[in-house]
Amino acid sequence: MKTYRIAAIPADGIGPEVIGAGTAVLEALAARQGDVRYEVTTFDWGSDYYKRHGVMMPEDGLETLRPFDAIYFGAVGAPDVPDHVTLWGLRLPICQGFDQYANVRPTRIIPGVTSPLRDVGTGDLDWVIVRENSEGEYSGSGGRAHRGLPEEVGTEVAIFTRVGVARIMRYAFRLARSRPRKLLTVVTKSNAQRHGMVMWDEIAAEVSREFPDVTWDKMLVDAMTVRMVKDPASLDTIVATNLHADILSDLAGALAGSLGVAPTANIDPERRFPSMFEPIHGSAFDITGKGIANPVATFWTAAQMLDHLGENAAGALLMSAVERVCAEGIVTPDVGGTATTAEVTHAVIEAIGGANLLAPAGHSAA
Ligand code: IPM
Ligand code: MG
């Protein structure tokens, strides 16, 4: 019996509801697989913890997480705690402390979910956005001076290093190579930003020589938004800076029909540390506690986690189950359905147990 140790951090808003659903689905998968266990340990870190202790997680939080095989994360953000506190107190210290430099965001149109793009078929939008996750605009470098005075200054410095850019570029080329179309688009803003972004372009050209079988092109980020809307089928794997990919992945989620289904993986490709898997949607206070949060993003990121752990057949089985349930119209209100979180979860669990859903049918997580 193989046991995977998973640290769950449900945190804020709908985080506990969707991670609860995800944990139930992992149990169903383990029962179906028969020879593995997903042993989930839950940590109560987040905004409530902050209100009690003045910190989002204990000082030795990273040491506590380190021995786990993976981290299953819900969402951070609370109406009464500043966003930069929740973010810099929990999620970013984990991403940066564990050097999870590759943030991987698959997007495709799930059967049963309608894209706002007219005339776009399910297969016409099948992307993976690779977001640089350790530096760039999220380096935290900068400062404020002369606070509150008329001459106040604030700087927000984007840091790009050769090591940081080369490693994300290699990751993206490798991922593009592993997908059928072997197609990569490198996104920058090297017309206006003439230092770090020009370095990105140069490093992309250098790294591309190691991947002669991958076709690649370059886009400026503003033009990229137009291409995503007008010609989605021309894209496959996409690599961009931390901030550019943050913005493009919201657009991607919206074009695929809902941010409620969009997952993300924060990966340490060298596997020195546990990687972290989460839905993109955030804490969503407006629907917290109503039992209608869409659990699909949390299931999809569980499939990414299973792939990362080497349980690819289980990941594929989970995605087949999710796609079948969505295709049957068992979806939450954010994607036009009437089902509750619990109903979607039960349907997915049933589909996992169903004898007619045999792995490794269907898609892999990325
Ligand atoms: C995301 C989110 C976060 C980010 C927010 C919550 C800070 O938008 O995961 O895309 O910008 O990284
Ligand atoms: Mg975002």
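Residues numbered from 1 in each chain as written. Chains lettered and ligands numbered in written order. Predicted model: local features only at pLDDT ≥ 70, side-chain atom pairs only at ≥ 80, totals over all residues. Heavy atoms only, no water.

Enquirer: Teacher, can you tell me more about the overall build of the protein here?
Expert: Assigned secondary structure in the protein consists of eleven helices and twelve strands. Sequence-distant contacts in the protein: of pairs separated by 6 or more residues, those separated by 24 or more amount to 76%. Accessible surface for the protein amounts to roughly 15300 Å². Of this, 53% is attributable to carbon and sulfur atoms. Computed over 32 positive and 45 negative side-chain charges, the inter-centroid distance for the protein is 5 Å. (Helix = DSSP H or I, 4+ residues; strand = E, 2+ residues; numbered from the N terminus. Contact = heavy atoms within 4.5 Å. Areas by Shrake-Rupley, 256 points an atom, 1.4 Å probe, with all protein chains shown as cover. Lys, Arg positive; Asp, Glu negative; His and termini not counted. Charge placed at Lys NZ, Arg CZ, Asp CG, Glu CD.)

Enquirer: Even after reading the chapter, I still don't get the nonpolar core, so can you show me in this structure?
Expert: Across soluble globular proteins, nonpolar side chains show a tendency to be buried alongside one another. Counting 69 residues, the largest nonpolar core has Leu26, Tyr38, Met169, Val239, Leu318, Val348 and Ile352 as the members making the most contacts within it. In terms of residues, this core owes the most to one element, helix H5 (residues 162–178), which gives nine residues. Both domains that meet at this core, namely domain 1 (1–101 + 269–366) and domain 2 (115–256), each give it at least three residues. Beyond its immediate stretch of four places on either side in the chain, Val348 contacts Val25, Phe299, Leu318, Ala321, Val322 and Val325. (Core = buried A, V, L, I, M, F, W, Y, C linked by side-chain atoms within 4.5 Å. Buried < 20%, exposed > 50% of the residue type's maximum accessible area, 1.4 Å probe, protein only. Domains from an automatic or database assignment.)

Enquirer: Please clarify how the domain arrangement of the protein should be interpreted in this entry.
Expert: Reports often express the size of an interface as the amount of accessible area lost when the parts come together. Under the domain assignment, the protein is made up of domain 1 (1–101 + 269–366) and domain 2 (115–256). Taking only C-alpha atoms into account, the centre of domain 1 sits 25 Å from that of domain 2. The interface is formed by eleven residues belonging to domain 1 together with 14 residues belonging to domain 2. Taken together, the two surfaces of domain 1 and domain 2 that pack against each other cover about 1000 Å², and 53% of this comes from carbon and sulfur. Connecting domain 1 to domain 2 are one salt bridge. Ionic pairing is found between Arg167 and Asp99, a salt bridge with its closest N-O pair at 2.9 Å. Where domain 1 meets domain 2, there are four residue pairs in polar contact (both at pLDDT 80 or more). Here the residues of the side of domain 1 that touches domain 2 sort into seven nonpolar, three polar and one charged. (Buried area = accessible area lost by both parts, 1.4 Å probe. Salt bridge = Lys/Arg side-chain N within 4 Å of Asp/Glu carboxyl O. Polar contact = N/O pair within 3.5 Å; in protein donor to acceptor, adjacent residues only side chain to side chain. Nonpolar A, V, L, I, M, F, W, Y, C, P; charged D, E, K, R; others polar.)

Enquirer: Sorry, what's going on with helix H9 (residues 296–309) here?
Expert: For an α-helix, the turn length of 3.6 residues means that residues three or four places apart are oriented alike. In a regular helix each residue adds 1.5 Å, so 14 residues correspond to 20 Å; H9 covers 20 Å between its end C-alpha atoms and thus fits that length. Judged by how many residues are buried, H9 sits mostly within the fold: 14 of 14 residues are covered. Directly beyond the C-terminal end of H9, a positive phi value near 90° is found at Gly310. (Expected span 1.5 Å × (residues − 1).)

Enquirer: Any chance you could explain unusual backbone geometry here in plain terms?
Expert: Keep in mind that most residues, glycine aside, have a negative phi and that most peptide bonds are trans. Despite not being glycine, Asp99 shows a phi value in the positive range, around 45°. With respect to the helices and strands, the residue Asp99 is situated in the loop between helix H4 (83–97) and strand S4 (102–108). Using a relative accessible area of 15% as the deciding quantity, one classes Asp99 as buried. One non-glycine residue, His146, adopts positive backbone phi at about 55°. Residue placement: His146 occurs in the loop between strand S6 (136–145) and strand S7 (153–159). Residue class for His146 comes out partly exposed when judged on its relative accessible area of 45%.

Enquirer: Could you clarify how one ought to interpret the side chain of Thr241 in this entry?
Expert: You can see Thr241 is positioned in the loop between strand S10 (237–240) and helix H8 (242–255). By relative accessible area, which is 1% here, Thr241 ends up buried. A polar contact of 3.2 Å, which involves the side chain of Thr241, links it to the backbone nitrogen of His244. Residue contacts for Thr241: discarding those within four places in its chain leaves Arg131, Glu132, Glu137, Phe160, Met197, Trp200 and Asp246.

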